[in-house]
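Chain and residue survey
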Amino acid sequence: LTAVLRQTETFSSLRSNFLVLRPCRVRKKVLLAMAFGIAVNRKHYRLKQYLSATLLCIGASTFTVAAKSLEPTFDPLGIVLVTLSMSSETIVATFQERLMRHYEMPMHEMLFQSNLLGFAIALGATFVSGEMSALMELNEGQSGLIKYVFLSAIIGYVGTLFWTKLIKEFCADTAMIVGVCRKVLTIIVSYIIFPKPISPMGIVGVAVFTAGLYYDVRFKREKRRAARATAEV
């Protein structure tokens, strides 16, 4: 788990140097989560779940494309890095789900062990690469920089706690769907805060995305009702 975490952070840092269309990332996260769920956790998905996932991906992709004002320039290396990064993120979520739900490993223990080892590896890498000395020099020229670095780390860790709790209580693919909802909601809020023209393509994307979300929620409710009825019997 620690190795994949470090790999994810590395690919995420490298991919930031490239501009890649976000719908590609949206589709990969949801579909990869389902694929790894089948391969690692031996999950079985019903037709309704595949339908809802497809609608979510199509709706989010359509809406995001409509929100793009500029056409990005694709770089083959950037596409490869994004694919590796998305795959690593999905593998991390799948392994975390397996450790917490199948092996009943405490969430805080899992986070502490994996992040402690990852911190040691990252710290050594920053010293070897010279990034640590560059940070210290930058901090001398801009007082208070370290304070913001620590604040960013704390906020990031709080977000990680909530994200991991979501994986534990529900599952990795549900967490990925929540991530897609966050991206779409962010774009919708941007339209409210920064008024801009709304294209018909964007409206269609929101409608399709909402339909996918509705089917997903409806299926989960039916599943809970069936489980409750079975328990009562």
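Per chain, residue numbering runs from 1 following the sequence as it is written. Owing to the predicted nature of the model, reporting of local features is limited to residues with pLDDT of at least 70; listing and counting of side-chain atom pairs is limited to 80 or more, with chain, interface and lining totals taken over all residues. Where side-chain values are given, they derive from all heavy atoms of the structure, hydrogens and water being excluded.

Details of the nonpolar core
We count it as follows: By nonpolar core we mean a set of buried residues, namely Ala, Val, Leu, Ile, Met, Phe, Trp, Tyr and Cys, connected to one another through side-chain atoms within 4.5 Å. Classification of residues uses two cut-offs on accessible area relative to the type maximum, computed with a 1.4 Å probe and protein chains only: under 20% is buried, over 50% is exposed, and between them is partly exposed. Counting from the N terminus, the helices are the DSSP runs of H or I reaching at least four residues and the strands are the DSSP runs of E reaching at least two. Any pair of residues with heavy atoms lying within 4.5 Å of one another is described as a contacting pair.
Counting residues in hydrophobic clusters, the biggest one holds twelve residues: A33, A93, M100, M105, M107, M110, L111, L166, I167, A172, A175 and M176. Put simply, the parts of the chain that give this core at least two residues each are α4 (76-102), α5 (107-129), α7 (145-169) and α8 (172-193). In this structure L111 touches Q96, L116, Y157, T160, L161 and T164, once residues within four positions along its chain are discounted. Grouped together as the second largest cluster of nonpolar side chains are eleven residues, Y45, A53, V184 and F209 included.

Focus: the packing of aromatic side chains
How two aromatic rings sit relative to each other is set out by the distance from centre to centre and by the angle between their planes. Quick note on the threshold: We call Phe, Tyr and Trp rings a pair once their centres come within 6.5 Å, taking the six-membered ring for Trp, and we label the pair stacked below 30 degrees between planes, edge-to-face above 60, and tilted otherwise.
Counted under the stated rule, the structure contains two aromatic pairs. With centroids separated by 6.0 Å and ring planes inclined at 70 degrees, the aromatic side chains of Y45 and Y50 adopt a geometry described as edge-to-face. Note on Y45: relative accessible area 12%, which makes it buried. Residue class for Y50 comes out partly exposed when judged on its relative accessible area of 37%. Summarising the aromatic geometry, the rings of Y214 and Y215 are spaced 5.7 Å apart at their centres and angled 65 degrees between planes, so their arrangement reads as edge-to-face.

A word on the packing of α5 against α7
Heads up, the rule is: In this description, a line fitted to the C-alpha atoms serves as the axis of each element, helices being fitted only across the stretch in contact, and the angle between N-to-C directions of two axes falls anywhere from 0 to 180 degrees. Comment on the angle field: the value is read as roughly parallel under 35 degrees, roughly antiparallel over 145, roughly perpendicular from 65 to 115, and oblique elsewhere. Crossing chirality is assigned from the near helix's rotation relative to the far helix, an anticlockwise turn below a right angle marking it left-handed and a clockwise turn marking it right-handed. Nonpolar residues are Ala, Val, Leu, Ile, Met, Phe, Trp, Tyr, Cys and Pro. Charged residues are Asp, Glu, Lys and Arg, and all others, Gly as well, are polar.
α7 packs onto α5 with a crossing angle of 130 degrees between their chain directions and a minimal axis gap of 11 Å. Taken together, the axes of α5 and α7 lie oblique to each other. The element α5 and its partner α7 pack so that their crossing is right-handed. Contacts from M107, H108, M110 and L111 in α5 reach Y157, T160, L161, T164, K165 and K168 in α7. Among the residues forming the contact of α5 with α7, the class breakdown is five nonpolar, three polar and two charged.

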